[in-house]
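# Structure assessment
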Amino acid sequence: MDCVVLGDSIAVGIALQRPECALYGKSGITSVEWNRKWNGVDVNARTAIISLGTNDLSVHSLSDHLRAIRARIHAGRVFWVMPNFNHTNLQQAQQTIRMIAEERHDQIIQTQKLSPDHIHPSPDGYRELAVQSR
């Protein structure tokens, strides 16, 4: 497989900008739910884009869940989409994503072009993330 996008509503939006990518995503999904829904799926692709963590405001073991997902990804390049919202738990998610990306030599992508909710990218933001992940 050339490209795969995994995760939440932001992943769904990126996949719309990257139609060549397979999507394993669902709006509103947490990392725990993602692991349950796609249990047993190993991802083999040249490029993988992960957008998870934004909906995990009450997950205490986020790093365990994200590490379990990352362990099932076999890709030449892996991109993590950094959540933007500055809620306290999201800052913890940001730190966890940064740590896992550094451990695995993955890249972090982010946009400041946001929709009015300050969580989801604007249309220009989605296009920017798509370009960053090429």
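Summarised in this report is the structure supplied together with it. (Residues numbered from 1 in each chain as written. Predicted model: local features only at pLDDT ≥ 70, side-chain atom pairs only at ≥ 80, totals over all residues. Heavy atoms only, no water.)

## Here we look at the pattern of salt bridges
To keep things clear, this is the line we draw: Take a side-chain nitrogen of Lys or Arg and a carboxyl oxygen of Asp or Glu: if they are within 4 Å of each other, that pair is a salt bridge. Burial classes: relative accessible area under 20% of the type maximum marks a residue as buried, over 50% as exposed, and values in between as partly exposed (1.4 Å probe, protein chains only).
A complete count under the given rule lists 6 salt bridges for this structure. In this structure, Arg-18 engages Glu-20 in a salt bridge whose closest nitrogen and oxygen atoms are separated by 2.5 Å. By relative accessible area, which is 36% here, Glu-20 ends up partly exposed. Ionic contacts of the salt-bridge type, sharing partners, join the residues Arg-18, Glu-20 and Arg-134 into one network.

## Let's talk about the state of the cysteines
Definition in use: Only a pair of cysteine sulfur atoms within 2.5 Å qualifies as a disulfide here. Numbering of helices and strands starts at the N terminus; helices are DSSP runs of H or I of at least 4 residues and strands are runs of E of at least 2.
Per the counting criterion, the structure on display carries 1 disulfide. Here Cys-3 pairs with Cys-21 through a disulfide, and the sulfurs are 2.0 Å apart. Across the S-S bond of Cys-3 and Cys-21 the torsion is about 80°, and the bridge reads as right-handed. You can see Cys-3 sitting in strand β1 (residues 3–7) and its partner Cys-21 sitting in the loop between α1 (9–17) and β2 (22–25), a full 18 residues away along the chain. Here Cys-3 matches Cys-21 in class, with each residue buried.

## Re the nonpolar core
Soluble globular proteins tend to pack their nonpolar side chains together in the buried interior. We count it as follows: Working definition of a nonpolar core: buried Ala, Val, Leu, Ile, Met, Phe, Trp, Tyr and Cys residues. They are joined through side-chain atoms within 4.5 Å. Contacts are assigned to residue pairs with any non-hydrogen atoms lying within 4.5 Å of each other.
Within the largest apolar cluster, 22 residues are counted, with the highest numbers of intra-cluster contacts made by Leu-6, Trp-34, Ile-50, Leu-52, Leu-66, Ile-73 and Trp-80. For this core, the secondary structure elements donating two or more residues are β1, β3 (43–51), α3 (62–71), β4 (73–81) and α4 (88–104). Looking at this core element by element, the count peaks at 5 residues for α4. Contacts of Trp-80, omitting those with residues within four sequence positions, involve Ile-50, Leu-66, Arg-70, Ile-97, Ile-100, Ala-101, Asp-106, Gln-107, Ile-108 and Ile-109. By size, the runner-up hydrophobic cluster in this structure holds 13 residues, among which are Ile-10, Ile-49, Phe-79 and Val-81.

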